[in-house]
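Summary of the model geometry
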Amino acid sequence: MKILYVASEVAPFAASGGLGDVIGALPKTVAHDNPGYEVGVILPLYGTMKQEYRARLEKVIDISFRYSWRNTGASIYKISEDGVNYYFVENEYYFNRAKLYGEFDDAERFAFFSLAVIEFIIATGNVPDILHANDWQSALAVVYLKTEYAYMSALRGIKTVYTIHNIEYQGKFDPYILGDVFALDSKYYHVLEFDNCINLMKGALVTSDYITTVSPNYAHELQYAFFGFGLQGIIAENSHKLAGVINGIDYSYFSPDKGGDIDFPFNKRTVKSGKAKNKKALCESLGLDTDPRIPLVVIITRLATQKGIDLLLHIAEELLSKKLQLVVLGTGENEYEDALLSLQERHANLRALIKFDRVTSKRLYASADIFLMPSKFEPCGLAQMICCSYGTIPVVRSVGGLYDTIMPYGMENSNGFNFSNYNAHDFLYAIERALEVYENEKEWSELRKRAMNCDFTWRNSAAKYVQIYNNLLNW
Ligand code: ADP
């Protein structure tokens with residue numbers, strides 16, 4: 001099978017968030033677990049790419065093509081690594097910029113990228129069985145295949161998969177852009193039109209052969225107005241070709257038995273003593289009480305509305321009056337940063353660490369007893385899976401991927417505590433349940449064992465994607 005992933009970010013070459021991490025991990029897992037598959041990934045060659053990667057680029061081909069009223073072109077380079085061919089689309093004018101996005105001509109830049117992907121396939125004659133596009137920036141690759149290029153018999157066998165990582169950014173533009181910039185005939189206006197705008201995500205949703213998003217529960221939630229950012233109707237209409245596949249976590253990076261970042265590495269067998277030593281060292285370094293019986297509760301998050309920080313602030317006084325210590329590591333909206341700093345002035349058992357710091361995050365995952373994640377919405381969520389791997393028990397709102405990954409206490413395979421309504425006291429009661437069970441050492445150690453035994457590897461998720469590809473191809 002030949003699979004070509006199309007994305008605007010791929011770690012480690014270019015990444016600004018979750019999309020980059022997913023496309024950095026998924027293709028290489030698919031390639032590793034399926035010998036014989038030809039796996040490619042294509043992305044723009046940004047001006048921000050590090051010299052260490054630039055030095056390894058090999059030229060593949062120069063392509064030239066018509067883009068609306070312009071004759072234009074690109075050079076395609078390649079780096080082969082981990083069984084995957086990473087292709088880079090070079091065009092100085094569009095991509096040699098200081099940042100990935102946020103430019104005045106993003107629509108034109110990523111339409112050019114999507115078109116270059118199709119022209120690259122034509123020029124090399126290396127036609128994939130599956131073209132897997134991601135988010136609004138590569139949505140047009142799917143749309144071009146199913147519209148302007150539909151007449152080309154060489155491309156007709158390609159099956160397309162489109163993944164929503166972030167539905168908030170849909171690629172919405174003025175309708176004039178269709179012909180002038182995107183080089184699409186006006187007869188295709190209805191494909192991309194939504195709410196009197198051009199909406200690239202909508203175009204890919206209706207034209208792709210299959211749609212995925214990053215957790216099964218989120219795939220369901222997206223069909224409702226609270227989560228769908230306006231596209232809920234389109235998603236519901238296309239739900240016959242929709243599935244959710246949970247993202248994996250990188251165990252080679254987030255693992256308690258790796259020295260280096262954490263003070264005392266530990267594994268499933270040594271978790272009790274290992275965590276106790278890390279907790280003591282961490283509390284000492286933060287000037288907190290080192291009494292091992294006081295539960296250490298942590299939050300590691302962007303300080304954004306999505307993450308349920310409002311709920312935390314609402315119950316903060318009650319929570320901090322309990323026998324526990326709370327450490328919050330996060331950066332984000334000013335009002336949340338200020339509120340946490342001001343709470344810290346009044347509560348000796350709170351530390352607000354306002355920074356983005358991976359090493360501190362690992363020390364907290366390793367030391368904590370309880371992890372809080374009361375998200376308002378959460379497409380997949382990684383932090384709840386990472387904390388499980390460190391034997392730290394999550395208390396989550398059962399939403400999006402949190403619902404799929406954290407089984408509530410009381411169930412046979414439970415690995416955490418949950419609450420359902422977006423309600424501050426429901427959150428507090430869930431924390432209280434966790435604190436109660438924490439007092440029962442035997443119960444807690446069994447819960448911790450189950451959390452650490454969870455398998456959140458990419459291997460499972462990659463196998464689900466391969467199943468989707470096979471079904472599409474009838475293989
Ligand atoms: P999102 O992608 O919506 O921010 P996720 O739970 O999917 O949420 O991923 C968050 C990732 O970012 C986790 O790896 C978490 O450890 C990390 N993270 C969040 N805030 C910080 C921070 N302040 N310092 C270090 N790592 C952080």
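Residues numbered from 1 in each chain as written. Predicted model: local features only at pLDDT ≥ 70, side-chain atom pairs only at ≥ 80, totals over all residues. Heavy atoms only, no water.

Here we look at the site of the ligand
Applied cut-off: Throughout this document, a residue counts as near a molecule or strand when at least one of its heavy atoms sits within 4 Å of that molecule or strand. Nitrogen and oxygen atoms within 3.5 Å of one another constitute a polar contact, given that in protein one can donate a hydrogen and the other can accept it, and given that sequence-neighbouring residues count only through two side-chain atoms. Accessibility throughout is a Shrake-Rupley quantity obtained with a 1.4 Å probe, and a residue counts as covered only by protein chains that appear here. Counting from the N terminus, the helices are the DSSP runs of H or I reaching at least four residues and the strands are the DSSP runs of E reaching at least two. Gly counts as polar in this scheme, as do all residues outside two lists: the nonpolar Ala, Val, Leu, Ile, Met, Phe, Trp, Tyr, Cys and Pro, and the charged Asp, Glu, Lys and Arg.
Among the 19 residues in the neighbourhood of the ligand, the closest are listed as Arg 302, Lys 307, Lys 355, Tyr 365 and Leu 382. Between the ligand and Arg 358 there is a distance of 3.3 Å, counted from an oxygen atom to a side-chain nitrogen or oxygen. At 2.7 Å from an oxygen atom of the ligand is found a side-chain nitrogen or oxygen belonging to Tyr 365. Protein burial of the ligand: of its 560 Å² of free accessible surface, 85% is covered by the chains. Those elements that place two or more of their residues in the shell around the ligand are strand E13 (296-303), strand E14 (325-332), helix H15 (358-367) and helix H16 (383-389). Residue classes in the shell around the ligand are distributed as nine nonpolar, four polar and six charged.

A look at the sheet that holds strand E11 (residues 210-213)
Put simply, the rule is: Two strands make a pair as long as DSSP finds a minimum of two bridges between them. Note on geometry: axes are C-alpha line fits, over the in-contact stretch for helices, and angles between N-to-C directions span 0 to 180 degrees. Here, two residues are considered to be in contact whenever any of their heavy atoms come within 4.5 Å of each other.
With mixed pairing, nine strands are arranged side by side in an open sheet as E3-E4-E5-E2-E1-E6-E7-E11-E12. Both edges of this open sheet fall to strand E3 (58-67) and strand E12 (242-244), since each of them pairs with a single strand only. The average angle at which neighbouring strand axes cross in this sheet is 25°, direction not considered. As paired elements, strand E1 (residues 2-6) and strand E6 (residues 130-134) share four bridges and run parallel to each other. Along E6, the bridge assignment pairs Ile 3 with Ile 130. Against the sheet, helix H4 (residues 106-124) makes contact with E1, strand E2 (38-44), E3, strand E4 (70-81), strand E5 (84-90) and E6, and its axis sits at roughly 115° relative to E3, the strand it touches most.

Looking at the packing of H4 against helix H5 (residues 139-146)
Spelled out, the test is: In this scheme, roughly parallel covers angles under 35 degrees and roughly antiparallel covers those over 145, while 65 to 115 is roughly perpendicular and the rest are oblique. By definition, any crossing whose near helix is turned counterclockwise from its far helix by less than a right angle is left-handed, and any crossing with a clockwise turn is right-handed.
Where H4 contacts H5, the axes come no closer than 8 Å and their chain directions differ by 50°. Taken together, the axis directions place H4 and H5 in an arrangement best described as oblique. Seen from above, H4 lies across H5 with right-handed handedness. Residues Ala 111, Ser 114, Leu 115 and Ile 118 of H4 pack against Leu 140, Ala 141, Tyr 144 and Leu 145 of H5. Split into classes, the residues belonging to the contact of H4 with H5 amount to seven nonpolar, one polar and no charged.

Some details on the nonpolar core
Cut-off, in case you're wondering: Buried residues of nine kinds, namely Ala, Val, Leu, Ile, Met, Phe, Trp, Tyr and Cys, make up a nonpolar core once their side-chain atoms join them within 4.5 Å. Each residue is placed in one exposure class: buried if its accessible area under a 1.4 Å probe, protein chains only, is under 20% of its type's maximum, exposed if it is over 50%, and partly exposed if it falls in between.
Ranked by size, the top nonpolar core spans 103 residues in total, and within it Phe 88, Leu 131, Tyr 144 and Phe 182 carry the most contacts. Examining the composition of this core, we find that 11 residues originate from one element, H4, more than from any other. Not counting the four nearest positions on each side in its chain, Tyr 144 is found in contact with Tyr 67, Ala 111, Ser 114, Leu 115, Ile 118, Tyr 149, Ala 150, Phe 182 and Leu 184. Membership of the second largest hydrophobic core comes to 74 residues, among which are Ala 366, Ala 424, Ala 430 and Leu 435.

What about empty space enclosed by the protein?
Convention followed: The way it works is a 1 Å grid over only the protein atoms, where trapped points that fit a 1.4 Å probe form a cavity and open points with protein on both sides within 12 Å along at least five of seven lines form a pocket, and then any residue with an atom within 4 Å of a point lines it. Grid points are joined across faces, edges and corners, and a volume is the space filled by probe spheres set on the points.
In the structure shown here, the tally under the stated rule is two cavities of 30 Å³ or more. Reported here for the largest cavity is a volume of approximately 140 Å³. Sorting the residues of the lining of the largest cavity by element identifies E1, E2, E5 and H4 as the ones contributing at least two each. Here the lining of the largest cavity is built from residues that sort into seven nonpolar, three polar and two charged. By volume, the second largest cavity amounts to about 40 Å³. Looking at the second largest cavity, the residues that line it are Leu 312, Leu 313, Ala 316, Leu 319, Leu 320, Leu 326, Val 328, Leu 340, Leu 343 and Leu 350. Looking at the lining of the second largest cavity, the elements that each hand over two or more residues are helix H13 (309-320), E14 and helix H14 (334-346). At five residues, the largest contribution of residues to the lining of the second largest cavity is made by H13.

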